[in-house]
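A structural walkthrough
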Amino acid sequence: MFKFPTIPKNWENFLVCIIFQLCLPLLPLGMEKLLTGDLQASSLTITTAIYAITIGGSSQSLLELTFGIVVGMFFAAIFGFVISGNEPVELPTRLVSSIFILAIALFHLPERYNRHVVDREQFFQFKLEEEKKKE
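First things first, this report covers the structure right here in the doc. Predicted model only: the values in this text are computed from it and were never measured. (Residues numbered from 1 in each chain as written. Predicted model: local features only at pLDDT ≥ 70, side-chain atom pairs only at ≥ 80, totals over all residues. Heavy atoms only, no water.)

**Overview of the side chain of Thr-48**
With respect to the secondary-structure elements, Thr-48 resides in helix α3 (residues 41–58). For Thr-48, the side chain forms a polar contact with the main-chain oxygen of Leu-44, separated by 2.6 Å. When neighbours within four sequence positions are excluded, Thr-48 is seen to be in contact with Phe-75, Ser-97, Phe-100 and Ile-101. (Helix = DSSP H or I, 4+ residues; strand = E, 2+ residues; numbered from the N terminus. Polar contact = N/O pair within 3.5 Å; in protein donor to acceptor, adjacent residues only side chain to side chain. Contact = heavy atoms within 4.5 Å.)

What follows is the structure in structure tokens.
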């Protein structure tokens, strides 16, 4: 009988990681753009701050963690300026925030590829009951 091929577990873990770690945290920005037709500078700056720190914190690279903390602190400060109405005029806040979100995701992808595809590390560390039975 014909059996559809499945995605290898290492690739499945990599793709699930991309969805949960890199894409899902940005869903509020997508919803704001969809519902209002615009993205507020305050939404972008606070998302960039949190995104940088959380992605850096999930990395096994000390450099990526340090970069995430520094970028997160920078955008947290920019967020404060934006909500107080004192946004730095010289800084294109929306563009810079978007560039940093993209850069953080792109710098994190190779590590996740190595961890999940090459080293075959599971994304979710818990095991399902059926997986325990197979061992």
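Here the narrative resumes.
**Brief notes about helix α4 (residues 62–84)**
In a regular helix each residue adds 1.5 Å, so 23 residues correspond to 33 Å; α4 covers 33 Å between its end C-alpha atoms and thus fits that length. Three or more residues of α4 are buried, namely Glu-64, Gly-68, Val-71, Gly-72, Phe-75, Ile-78 and Val-82. Of the surrounding elements, those touching the buried residues of α4 are α3 and α5 (93–118). Sitting at the head of α4, Ser-61 places a side-chain oxygen 3.3 Å from the backbone nitrogen of Leu-63. Just beyond α4, the residue with positive phi is Gly-85, at close to 85 degrees. (Expected span 1.5 Å × (residues − 1). Buried < 20%, exposed > 50% of the residue type's maximum accessible area, 1.4 Å probe, protein only.)

**Digging into the packing of aromatic side chains**
Following the criterion strictly, the structure yields 10 aromatic pairs and no others. With a centroid separation of 5.8 Å and 80 degrees between ring planes, the pair formed by Trp-11 and Phe-14 is classed as edge-to-face. Separated by three residues within a single helix, Trp-11 and Phe-14 lie in helix α1 (residues 9–23), roughly one turn from each other. Ring centres of Phe-14 and Tyr-113 lie 5.8 Å apart, and the angle between their planes is 90 degrees; this geometry places the pair in the edge-to-face category. (Phe/Tyr/Trp six-rings, centres within 6.5 Å; stacked < 30°, edge-to-face > 60°.)

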